[in-house]
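Topology and contacts: notes
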Amino acid sequence: MGSSHPLSRTFEEESLGWLQEYLRINTVNPPGDVRPAVAWLQRRLTEEGIPTTVYASDSQGGKVNLVARWPSRYPEEPTVLLLNHLDVVPVEREQWTVDPFAGLIHHGYLYGRGALDMKGMAMAEMSALILLKRLNIPLTRDVLILFAADEEVGSALGAQWMVTHHRDVLRPWVVLNEGGEGSIGLWTDDRRPVYAVQVGEKQVCWMQWTAEGPSGHASLPLPDNASERLMYALVAGLQWVRQRVPAPDPVWACLHQRLGTPKSTPFTDALQRDTVSLTALQSGVGTPPKINVIPGRATAMVDGRLLPTTDRETFLQGLRSCVQSFGVTIEVLQTSPVTPTSPLDHPAWQAIEESILAQVPEARVVPMISAGATDSRFFRAHGIPCYGIMPMVLSEELLATVHSHDERLPVEEFHRSVRILLDILKRLAGHP
Ligand SMILES: [Zn+2]
C-alpha cells in the first residue's frame, strides 16, 4: 500500500518501479493485445483505492481501454482528462543494445520500448493521480486517466472508439496528452530548455499524381512521354509548395514572441508551413521494367501535410494549376479532418506554463502545431481543448529513439514530469 511519503525519494523509487514493471509488459501493436497491461494497471490502481472501468472495443483481439477516475465532490463538472496510449510500435531486437522489454536502468536512463512513446508519460500521469489521492487534495472536478488501445495503428478501437461511444463517461473540460515535449538545442542554439506544447495538428492530404500518354519503342523519343511529363510536373509542383509563404498564424506569432526566430531545421521548417514528400514513383512496362519501352502511364505518391489554417481546396487548386500544363492529374487519396487549434488563453495553457516555470524557472514555454497526428484530434473534433506536453527535457538524440532503437528516458526527467503534472492538476482541479 501507499505508505511512502508523497514526493519523497521513496515515492520516486516507487513510481519508477511502476514504470519499469509497465515497460516489461509487451504491448507491441500489431497485434496490440493490451489485456495484460490493463490487468496490471487495474491491480495497481485498485490497491491504491482508485476506481477503474474497462471498456472493451474488441475483447477477442485484446483491444481494451481503461479509465481511472479520482472523483471530486462535483461529479457534474466537466473533467480533467489525462490521456495516454497503451500500445507501442514493434522493435528490431537485434538493433537494441539492451532487452527492450526488461525495464533496465543504465547510467541514469531507463530503457524500453514505450519509455518515451508513451508509457513514461502514462506512469507520470498515474503517479500524479495517485499523489492527488495520497495527499488528500480536495478537487473541484474529477480527474480521469484514459489508457487507450490501438493508437499506433490509427486508434479506431482506442481513443476514437472511446470518443464515439463513451464521451458521456469522459466529459472532458480539457485533455492533456502527448504531442510536445521539452528540449534543449532543438529550437534555439542556447542551452535554455524549451517546452513546446502541442495545441494543434497538421492535416493529412495524401495524393496520387498520374500522367498518361502513348507508349512505344524507346529508340524513338515521344514528346508526350508520361514518365517525363510526370517528372517535370513533380519538379514544378514540389517547388511551388516549397516557395509558398505560410499564412500568418497566431501559434507561430506567439512562438516567435517568446523565442525569437527559431533556428531553421527540417523539424522547425516542417512545423510552420505546408509540406509535401514524394514517397513513391511508379512506371515502366513489365517486371522488372523494360528499359527500351516507353510506358503509357506513370504515377507518384505524394504525402502532403497542411497547416490547420490552410484551406485544402485552395491548396489543391494551386497545385493542379501548376501541373496542368504537363497533363498530370492529381487525385486525393486520403485526408484528415481539420481540427480546431486549442486556445492560448485557456486556463490549462496558463496552468501548464506556470507549473513548468515553477520547476524549471529558466525554461521557455511555447505553443506549436505538430507535424504528426495524436489521439487529441478526436477530442479537438468535438471542440474540446487539448494540450500535448510530455514535460521532460529531451535531447535530439533521445527524441530520435522514439519508434527506433534503444528508446530511453532520463530517470530524473521522469521524476520531474510527475511533479509538473501534479502541479498542473492542482491548478486545474484543486480547490483554490
Ligand atoms: Zn504516442
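Placed above this text is the structure.
Quick caveat, the model's predicted, so the values are computed rather than measured.

Counted residue by residue, strand 16 (residues 386-394) has nine buried out of nine residues, so it is predominantly covered. Neither face of strand 16 is exposed, since Cys 386, Gly 388, Met 390, Met 392 and Leu 394 on one face and Tyr 387, Ile 389, Pro 391 and Val 393 on the opposite face are all buried. Note: strand 7 (residues 172-183) against strand 16, six bridges, orientation parallel. In the strand pairing of strand 16, Ser 183 is matched with Leu 394.

Before going further, it helps to spend a moment on helix 2 (residues 35-47). For helix 2, spanning 13 residues, the distance from its first C-alpha to its last is 18 Å, which sits close to the expected 18 Å at 1.5 Å a residue. Within helix 2 the residues assigned to the buried category are Ala 37, Val 38, Trp 40, Leu 41, Arg 44 and Leu 45. All buried residues of helix 2 project into a common sector of 160° when viewed along the axis, lining one side. Of the exposed residues in helix 2, those oriented more than 90 degrees away from the buried face are Arg 43 and Thr 46. Taken together, the buried residues of helix 2 touch helix 1 (9-23), strand 1 (52-58), strand 2 (63-70), helix 3 (115-134) and strand 6 (143-148). Two residues or fewer after helix 2 comes Gly 49, characterised by a positive phi angle close to 85°.

In space, the four strands of this open sheet follow the order 11-13-9-14, with antiparallel pairing throughout. The open sheet has two edge strands, strand 11 (275-283) and strand 14 (328-335), and neither has a second partner. Going across the sheet, the axis of each strand differs from the next one's by a mean of 20°, ignoring polarity. One ladder, built from seven bridges, connects strand 9 (residues 203-212) with strand 14; its direction is antiparallel. If you follow Thr 210 over to strand 14, its bridge partner there is Thr 329. Relative to strand 9, helix 5 (residues 226-243) is tilted by about 150°, and along the sheet it contacts strand 9, strand 11, strand 13 (297-306) and strand 14.

The subject of this paragraph is the coordination of the zinc ion. The coordination sphere of the zinc ion, as far as protein atoms go, consists of His 85 (NE2), Asp 117 (OD), Glu 178 (OE) and Glu 178 (OE), spread over 1.8 to 2.5 Å. Given four donor atoms and angles of 53 to 147° at the metal, the environment of the zinc ion is assigned as irregular. Sequence spacing of the donors to the zinc ion: H-x31-D-x60-E. Of the two residues, Asp 117 sits in helix 3 while Glu 178 sits in strand 7, which places them 61 residues apart along the sequence.

Reading the values: rules and limits
Residues numbered from 1 in each chain as written. Predicted model: local features only at pLDDT ≥ 70, side-chain atom pairs only at ≥ 80, totals over all residues. Heavy atoms only, no water. Buried < 20%, exposed > 50% of the residue type's maximum accessible area, 1.4 Å probe, protein only. Helix = DSSP H or I, 4+ residues; strand = E, 2+ residues; numbered from the N terminus. Pairing = 2+ DSSP bridges. Expected span 1.5 Å × (residues − 1). Arc of directions from axis to C-beta. Contact = heavy atoms within 4.5 Å. Axes fitted to C-alpha atoms, helices over the stretch in contact; angles between N-to-C directions. Donors = N, O, S within 2.8 Å, 3.2 Å for Na, K, Ca; no water. Tetrahedral: all angles 85-135°; square planar, octahedral: opposite > 155°, others 65-115°.

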